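Examining the three-dimensional arrangement
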Amino acid sequence: MFKKVLYPIDFSEYTEEITSYAVSIAKKYDSELHLLHVIPNLNYFTPYESFLTPENLVAIERNIEKEIEKDFDKVVKKIDIPTKRIIRTGVTFVEIIDYIKEEGIDLVVMGTHGRSGIEHILIGSVAEKVVRKSPCPVLTIRPKGKLFEMP
């Protein structure tokens, strides 16, 4: 039923819990598990663009990718099924939707909480945007202990 399952991984404090759901579903359906992490485009977020040369931005992104690979290693060593690891740079929800379409993903499993506070207000909920724009079903997981709070 679900040949390809995508887990957009953010390495937040809830990663381990959400990972267990994604792995369980992938096992149950004998699916390919894709782990996608999106690095925000530094050009978009930095107010100091004029001080960062293209070469410096590339170097910074490479350093971030190295750190993300270490984070991937920590997560993947606990997973006992084959996974595909992907790192992209850009607007998170756009990259997730593009990846879903490119790879023919059948199901997305993602957490409802990653960012909080002012970041959430300014950037919005990635999960909410993915749910609205995804061409396939999206299973959102609210981590234990995270209660709904009225804005």
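Residues numbered from 1 in each chain as written. Predicted model: local features only at pLDDT ≥ 70, side-chain atom pairs only at ≥ 80, totals over all residues. Heavy atoms only, no water.

1. Some remarks on the overall build of the protein chain
The following threshold applies: Labels follow the DSSP assignment, with helices taken as runs of H or I lasting at least four residues and strands as runs of E lasting at least two, numbered in each case from the N terminus. The buried label applies to any residue whose accessible area, calculated with a 1.4 Å probe on protein chains only, is under 20% of its type's maximum; exposed applies above 50%, and partly exposed to all values in between. Accessible surface area values rest on a Shrake-Rupley calculation with a 1.4 Å probe, where residue burial reflects the displayed protein chains alone.
What the protein chain contains, in helices and strands, is six helices and five strands. Moving toward the C terminus, one meets the helices and strands of the protein chain in the order β-α-β-α-α-β-α-β-α-α-β. Considering the protein chain as a whole, with its 151 residues, one finds that 36% of them fall into the buried category. By element, 54% of the accessible surface of the protein chain is carried by carbon and sulfur atoms, the whole surface being about 9,500 Å².

2. Some details on unusual backbone geometry
Leaving glycine aside, a negative phi is the common case for residues, and trans is the common case for peptide bonds. The backbone of Phe 11 sits at a positive phi, close to 60°, despite the residue not being glycine. Here Phe 11 lies in the loop between β1 (4-8) and α1 (15-28). The backbone of Asp 30 shows a phi angle near 50°, a positive value even though the residue is not glycine.

3. Description of helix α4 (residues 92-103)
Turn by turn, an α-helix covers 3.6 residues, leaving residues three or four places apart pointing in a common direction. Our working rule: Residue count minus one, scaled by 1.5 Å, sets the expected span of a helix.
Spanning 12 residues, α4 covers 16 Å between terminal C-alpha atoms, matching the ideal 16 Å at 1.5 Å per step. Considered for burial, the residues of α4 that qualify are Thr 92, Phe 93, Glu 95, Ile 96, Ile 97, Tyr 99 and Ile 100. One or two steps after α4, the chain reaches Gly 104, where phi turns positive at roughly 65°.

4. Some details on the layout of surface pockets
To keep it simple, the criterion reads: Here the term cavity refers to a set of points on a 1 Å grid, laid over the protein atoms alone, in which a 1.4 Å probe fits but cannot get out; the term pocket refers to an open set having protein on both sides within 12 Å along at least five of seven lines, with lining residues being those that place an atom within 4 Å of a point. Grid points are joined across faces, edges and corners, and a volume is the space filled by probe spheres set on the points. The residue classification treats Ala, Val, Leu, Ile, Met, Phe, Trp, Tyr, Cys and Pro as nonpolar and Asp, Glu, Lys and Arg as charged. All others, Gly included, are polar.
Of the pockets and cavities examined, the second largest pocket occupies roughly 240 Å³. Around the second largest pocket, the lining is made up of 14 residues, and of these Thr 15, Glu 16, Thr 19, Val 75 and Lys 78 lie nearest the centre. For the lining of the second largest pocket, the secondary structure elements donating two or more residues are α1 and α3 (54-76). Counting residues per element, the lining of the second largest pocket draws most heavily on α1, which supplies five residues. The residue makeup of the lining of the second largest pocket, split by class, is four nonpolar, four polar and six charged.

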